[in-house]
Amino acid sequence: MVSAGRGRFLAAVAGAALLLLGGAAFAAPCGDGAGGFENWKSQFVQEASQHGVSPGALDALMRTRYASKTIAADRGQKSFKLTLDAFMQKRGADAIISRGRRMKERHAGLLASLERQYGVPAGPLLAIWGMETGFGSFLGNQNILSAVATLAYDCRRSEFFTGHLYAALALVERGTLDPAAVGAAHGEIGQTQFLPGNALRYGVDGDGDGRVDMIGSIPDALASTANFLRAHGWQPGAGYQPGEPSFVALQGWNAASVYQQAIAIIGREIDG
């Protein structure tokens with residue numbers, strides 16, 4: 001059971017995260033290089049403490065380091081500018097389809113249960129899982145908290161990632177996110193690569209063990225993904241190709257048109 005004090009903390013942090021994700025301003029000045037990161041953290045800690053963030057979570061934040069590889073990745077997302085055919089080839093769509101069909105058989109019970117609960121069939125879930133991490137074969141190599149803190153500090157998208165940093169701190173306090181955990185370059189978490197704000201909002205305990213573990217639990221990751229898609233407009237039984245009703249949910253998953261189309265195509269081929 002969550003204590004009253006901890007419950008108030010989580011409510012405060014979750015509220016702050018959702019407020020900031022919605023576009024509220026944040027006073028600590030952003031920066032364009034590593035030089036101001038430590039000073040920014042100190043100011044962030046002062047302000048975050050006023051939102052009820054616990055000393056333990058803030059201590060984890062103060063131990064983060066400027067993630068230069070995250071900044072490099074954020075500046076170099078060239079694959080999204082490719083044609084659909086080139087993008088599919090670069091991402092290994094044929095291999096994802098082939099392995100996805102095998103995964104559909106291996107996890108048939110889980111996938112059928114998720115379709116009953118959320119209305120999302122196996123294909124798009126497996127397409128996302130395969131596209132994001134190669135079905136869990138590579139979850140990333142960057143410290144999640146450092147990556148998100150760096151992007152919250154960086155001027156390019158400071159406001160957007162400030163909300164995700166608040167969410168990451170809430171996940172740390174819940175015990176859902178280990179401060180030492182690694183993920184993708186932008187701080188994405190787990191098998192299907194949720195940003196912290198989405199993990200906080202849509203994370204689901206899919207295996208019934210009482211906690212949400214998107215890194216180590218395939219049922220949690222896939223259930224959370226199905227929950228996200230349903231919340232973003234997935235219509236059970238409706239088509240999910242471009243122009244069909246449930247394609248809007250894939251648009252919610254990723255802003256890049258080639259990525260959305262790739263998920264739809266790969267999912268269709270897996271579903272058969």
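Residues numbered from 1 in each chain as written. Predicted model: local features only at pLDDT ≥ 70, side-chain atom pairs only at ≥ 80, totals over all residues. Heavy atoms only, no water.

Caption draft 1: Inspection of the side chain of S158 at higher detail. Along the chain, S158 turns up in helix α10 (residues 158–174). Apart from the residues within four sequence positions on either side, S158 is in contact with C30, L151, A152 and Y153. (Helix = DSSP H or I, 4+ residues; strand = E, 2+ residues; numbered from the N terminus. Contact = heavy atoms within 4.5 Å.)

Caption draft 2: Focus on the packing of aromatic side chains. Inspection of every chain in the model, using the stated rule, returns 15 aromatic pairs. An angle of 40 degrees between the planes, with centres 5.3 Å apart, marks the rings of F44 and Y166 as tilted. Taken together, the residues span a long stretch of sequence, with F44 in helix α2 (residues 37–50) and Y166 in helix α10 at a distance of 122 residues. Y166 gets classed as buried once you look at its relative accessible area, which sits at 0%. An angle of 90 degrees between the planes, with centres 4.9 Å apart, marks the rings of F160 and F161 as edge-to-face. Each member of the aromatic cluster is reached from another via a ring pair, and the members are F37, W40, F44, Y66, Y153 and Y166. (Phe/Tyr/Trp six-rings, centres within 6.5 Å; stacked < 30°, edge-to-face > 60°. Buried < 20%, exposed > 50% of the residue type's maximum accessible area, 1.4 Å probe, protein only.)

Caption draft 3: Representation of the state of the cysteines within the structure. A complete count under the given rule lists 1 disulfide for this structure. C30 shares a disulfide with C155; S-S distance 2.0 Å. Taking the sign of the S-S torsion, 95 degrees for the link of C30 and C155, the bridge is right-handed. Here the residue C30 occupies a position in the loop between α1 (4–21) and α2, and C155 occupies one in the loop between α9 (144–153) and α10, the gap between them amounting to 125 residues. With a relative accessible area of 29%, C155 lands in the partly exposed category. (Disulfide = S-S within 2.5 Å.)

Treat this as a map of the structure, not an account of what it does.
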